[in-house]
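Take a look at the letters that make up each chain.
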Amino acid sequence: MLGRLLHAVAPTRGYAVLCGAAAAVTAVLFVALVTGAGGPIAAQNTSNVALFGAALAAAWGCLSKALRPAGRRVRSSWTLTGLGALSWAVGQMFCIWYETILGTEVPFPSLADAGYFWMMPLTAAGLLLLPVSRQSVAQQARSILDGLMIAASLLLITWNLILGPLARQGADSFLALLVTLWYPGGDVVVLTVVLFTLARLRSGGQRPMSMPLVGTGLATFTVSDSGYAYLTLIDNYGSGAVLDLGWFVGFILILLASRKPDAPHEAENSAAPTRPLGVMLPYIAVLGALVTSTFEVLRHGAHDPVVSWTRSAIILLIVGRQLLTLLENRNLTRDLEDRVEARTAELRASEQRFQALVQHSSDVVTVVSLDGVVTYQSESVARVFGYDREQVTGQRLTGFLPDEARDRLEEAFGAVADTPYASRVVEIPMRHADGQNRLAEVTVTNLLGDVNVQGLVLNSRDISERKELEDQLVHEAFHDGLTKLANRALFKDRVELALRRRGDADIAVLFLDLDGFKEVNDSLGHAAGDQLLVQVADRLAAAVRPGDTVARFGGDEFAVLIDLVGDEGDADDLATRIIDALDRQFDIDNTEIHVQGSIGIALTGPDASDADQLMRNADLAMYRAKAAGEGTFTRYDPAMHSGLVDRLQLAADLRRALETTGELVLYYQPTIELRSGTITGFEALVRWQHPVRGMISPADFIPLAESTGLIRPLGQWVLAEACRQGVEWGTHDPDRVLTMAVNVSGRQFDQPDLPAIVAGVLADTGLPAERLCLEMTESVLMTDTEENLAVLLSLKEIGVKLAIDDFGTGYSSLAYLRRFPVDTLKIDRSFVERIGGATPDAALARTIVQLGQSLGMATVAEGIEQYAQFLALRRMGCDLAQGYYFSRPLPAEEAGALLRDPAALAA
């Protein structure tokens, strides 16, 4: 409490030091004036200088405060107050001139009085400019009446105590009397303004000036001015008296008020009540006037006209203020009555609205006693459950419930009965008036302690349709929309359930993939494909046991769960039945369709302890069965999984090899012209020098690259490296024209920007386009024929040569062969291996050579390993050849050496 009080008096350390210094100077001056140390002249000079310094300091404090950021009225208020103090300092300066400089008494009135004169008007004007809280018209009128009451009362008090005796005593001149009366009269005006401002202050809002300090300072001024006026009239005043201390203290308090730090701004609250002191100030002033006038009457037996007229004016002001208060109270009463009436109407409307909402709500509101008797029932029970409210009210609620619902509802009653406002939600069947049971969601709330309810409140709603919709959504979420079989999520859940309850028995999972389903979709359309899937689902369901689960995972993938397998042969028997069932023809839109299925079987075991592993094993076995041929089934073997892991690791290593250098290298096999035996070019063949596995055959990683999509960056790297090597060999022997052959995968043909990639590589490496030959298989050409033909034509526009690799093993027709802009046919090595006599393979090779000659295409024989093969092909008229008979694929350095020494080739 003391700390808060000290903080309010001196909010900062600097201000506390200033207050201490002011108190010390005041104490020193008091001692000097009381003791008269140094004599009357010293006391006089000390008082004059001290008063001049205090007034000047107060003026400086107020004017500097006016320069700080604040509202316009606040700055004006401090400016006028500072000018008042400065005016008084000017008057004091004349006083010092007379008494200290000239050594004479100050005449009365004099120029000093002219400076003192403006102190009170300027200060009063400054105080009136202080901003106060916003007020209504009635409040402003009351404030004015309060101010007039304070002014009249202070005037009456001053007249009785000071002004009256001064006026009756008289003076040397009228001007002297007027100046003498002005000092206490001005003080009355300023004090009136101070009290008037205090009466208008409300709690909250701004506090731009410390009114207690300013008001106390002006009160000390009033004491000194009144004493000065009286002592001057009786010719008994002299500078240096203790009376001067009142003016000094007044200026010091104004200085402290100007230097006091501003309190934090608070939002103004116009509805805040007026301070009690502000309300009582006018009446305190009137009481003081009444007391002084009563003493005056008792002392003199009568009073002069000024007192009579002033008292009459005070009475009129009091009457006016009371009339204004009565009018305000009347308006306030009327306003309160209007508010009460409006609030009552609002509550009545709210009650009616609440009643309407309850009666017409989709929820059924029921209030029952603790023993289950219905004490209130909303009308919505007729709409929801078909009963009249009168039919339910007063009856036991359990009479409308099936047997299985009574126990659950009574349990909910017991759970909330001991806790006020507790609630419990239960789902129970409730008997409809038509006799059917409907599922209801009931919220039981304990309002037994509420005097307006005194019961258990049941909010019931019919959720039968919602429950049916939820069941339907759950069924759709776990079943295939086309075949109505279980989907992957439900199948996995069934597998997990079977694993938990199997004990020592085994369970089996079968994965089925239809063979040839894509052709059905492509030829007959997706509607026919959907019909086929539905018929397949029906045959699968008919083939399994009643307790087994059949699921469709999507597309043409199905799965079967055999719960509790008797022995391992049961799964094989089921797979056989399924294959036999699918072997019968399907009738789709009057079209006979034959499809087969590839089935993978997985049983529980050490490597299949959970659902994910079991399903993964069946999936691996299914792909192995699909690779073995249509209409077969394969049981899972652990080697399948290790092969898959090895394949994944090899794919990761290949990806890393593409990002590093040194592992992937190109070997080059020369192409020989059979008639001359000269080298006409090379075929670039990629090899992988694995850091751990050693040299990996292309037959192992090229299919992997095609299945993982890595064939595209791999093919682009091979193309760029081969072209770079061809340019390098060309620089050593510019006159020799060598053709660089590069194999192109079907996945690379899927790239629409393949011609742009080839053109970019040729531009980067500088290899002439006619020296590059791109080789592709017949299967690549026969897939998406029109799109591939467009790619081939774009490549021919670049200028590269095109060759069909492994010709004779595919299914090309002569019509397609004429359309494709092919330059070379490469005879597959399988035909070359058996050349050497009158065999069908020799005749087929001769036919391919003649076909190439008739179409204007060069022919290349692959895989020549014997002299007889070489001699036979040359006699057939074959143009070019490759094989171990001439040279194995060689690294770039050895191939370059072979170019420099052709004699190393077999003749």
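Whatever comes next refers back to the structure up there.
So, a few notes on the structure that sits alongside this text. (Residues numbered from 1 in each chain as written. Predicted model: local features only at pLDDT ≥ 70, side-chain atom pairs only at ≥ 80, totals over all residues. Heavy atoms only, no water.)

### Quick notes on the overall build of the protein chain
- Secondary structure summary: the protein chain contains 33 helices and 21 strands in total.
- Across the 907 residues of the protein chain, 44% fall into the buried class.
- Within the protein chain, residue pairs in contact and separated by at least 24 positions form 66% of the contacts whose partners lie at least 6 positions apart.
- Accessible surface computed for the protein chain: about 45,900 Å², of which carbon and sulfur atoms make up 58%. (Helix = DSSP H or I, 4+ residues; strand = E, 2+ residues; numbered from the N terminus. Buried < 20%, exposed > 50% of the residue type's maximum accessible area, 1.4 Å probe, protein only. Contact = heavy atoms within 4.5 Å. Areas by Shrake-Rupley, 256 points an atom, 1.4 Å probe, with all protein chains shown as cover.)

### Thoughts on the sheet that holds strand β1 (residues 364-368)
- Here we have five strands laid out as an open sheet, ordered β2-β1-β5-β4-β3, and antiparallel in their pairing. The open sheet terminates on both sides in strands that have one partner only, identified here as β2 (374-377) and β3 (423-431). Pairs of neighbouring strands in the sheet enclose a mean axial angle of 25°, with direction left out of account.
- Sheet topology places strand β4 (residues 437-447) next to strand β5 (residues 455-462); eight bridges connect them, and they run antiparallel. (Pairing = 2+ DSSP bridges. Axes fitted to C-alpha atoms, helices over the stretch in contact; angles between N-to-C directions.)

### Quick notes on the pattern of salt bridges
- In total, this model carries 14 salt bridges according to the counting rule given.
- In this structure, K826 and E683 form a salt bridge, with 3.2 Å as the shortest nitrogen-oxygen distance. Within this pair, whereas K826 is found in strand β19 (residues 824-827), its partner E683 is found in strand β14 (residues 679-690), the two being separated by 143 residues in sequence. An identical accessibility class is assigned to K826 and E683; each is buried.
- A salt bridge links E721 to R724; its shortest N-O distance comes to 2.5 Å. Of this pair, E721 and R724 both sit in helix α24 (residues 711-732), three residues apart, which is roughly one turn of the helix.
- Residue E721 is classed as partly exposed on the basis of its relative accessible area of 23%.
- Among the charged side chains, a network of salt bridges with common partners joins E683, E775, K826 and E862. (Salt bridge = Lys/Arg side-chain N within 4 Å of Asp/Glu carboxyl O.)

### Thoughts on helix α15 (residues 403-416)
- Residues of α15 that are buried: A405, L409, A412, F413 and V416. The buried residues of α15 occupy one face: seen down the axis, they fall within an arc of 100°. Opposite the buried face of α15, by more than 90 degrees, sit the exposed residues D403, D407 and E411.
- Close packing links the buried residues of α15 with β1, β3, β4 and β5. (Arc of directions from axis to C-beta.)

### A look at the pairing of β1
- Of all five residues that make up β1, five are buried, and the element is covered over most of its length.
- Burial of the side chains of β1 extends over both faces: V364, T366 and V368 are buried on one face and V365 and V367 on the other.
- Across five bridges, the pairing between β1 and β5 is antiparallel. Counterpart to V364 in the pairing with β5 is S460.
- The pairing of β1 with β2 spans three bridges and is antiparallel. Directly across from V367, in β2, lies its bridge partner Y376.
- Remark: five residues form the turn of the hairpin made by β1 and β2, two consecutive strands paired antiparallel; G372 in that turn has positive phi of roughly 95°.

### Regarding the sheet that holds strand β11 (residues 596-603)
- If you walk across this open sheet you meet the five strands as β7-β8-β6-β11-β12, and the pairing is mixed. Lying at the two open borders of the sheet, with one neighbouring strand each, are β7 (549-554) and β12 (633-635). Taken over all neighbouring pairs, the strand axes of this sheet differ in orientation by 20° on average, direction set aside.
- In the sheet, strand β6 (residues 506-515) pairs with β11 via eight bridges, with the strands oriented antiparallel. Across the sheet, the residue bridging to V509 is A602, located in β11.

### Some points on the environment of R819
- The residue R819 is located in helix α29 (residues 814-819) in this model.
- Sequence separation between R819 and L789 is 30 residues, and the spatial gap between their C-alpha atoms is 8.1 Å.
- Not counting the four nearest positions on each side in its chain, R819 is found in contact with E786 and L789.

### A closer look at the nonpolar core
- Formed by 77 residues in total, the largest nonpolar core has its most connected members in L772 and L774.
- Among the elements that make up this core, the one with the highest residue count is α24 (seven residues).
- Within the second largest apolar cluster, 38 residues are counted, among which are A55, A89, A112 and L130. (Core = buried A, V, L, I, M, F, W, Y, C linked by side-chain atoms within 4.5 Å.)

### What to know about the packing of aromatic side chains
- For the structure shown, the criterion picks out twelve aromatic pairs.
- Consider the rings of F491 and F553, whose centres lie 5.5 Å apart with planes at 75°: the pair is edge-to-face. In this pair, F491 sits in helix α17 (residues 488-501) while F553 sits in strand β7, placing the two residues 62 residues apart along the sequence.
- On the basis of relative accessibility, which here comes to 15%, the residue F553 falls in the buried class.
- Ring geometry for Y867 versus F870: centroids 5.9 Å apart, planes at 45°, classification tilted. With Y867 and F870 both in helix α32 (residues 867-876) and three residues apart, the pair spans about one turn of that helix.
- Exposure remark for Y867: the relative accessible area of 45% places this residue in the partly exposed category.
- With a relative accessible area of 6%, F870 lands in the buried category.
- By the ring-pair criterion, three or more aromatic residues cluster together here, those being Y867, F870, Y885 and F886. (Phe/Tyr/Trp six-rings, centres within 6.5 Å; stacked < 30°, edge-to-face > 60°.)

### Some points on a nonpolar patch on the surface
- Residues L56, L83, L86, V90 and M93 make up a contiguous nonpolar surface patch of about 370 Å² in total accessible area.
- Top contributing element to the nonpolar patch by residue count: helix α4 (residues 72-102), with four residues.
- Take L86: it is sitting in helix α4.
- Residue classification places L86 among the partly exposed positions, given a relative accessible area of 32%. (Patch = residues over 30% accessible without salt bridge, like charges linked within 9 Å, V, L, I, M, F, W, Y side chains within 5 Å.)

### Re the pairing of β6
- Among the ten residues that make up β6, nine are buried, leaving the element largely enclosed by the rest of the structure.
- The pairing of β6 with strand β8 (residues 557-565) spans seven bridges and is antiparallel. Pairing of A508 across the sheet is with I562, part of β8.

That's the geometry; what it means functionally is another story.
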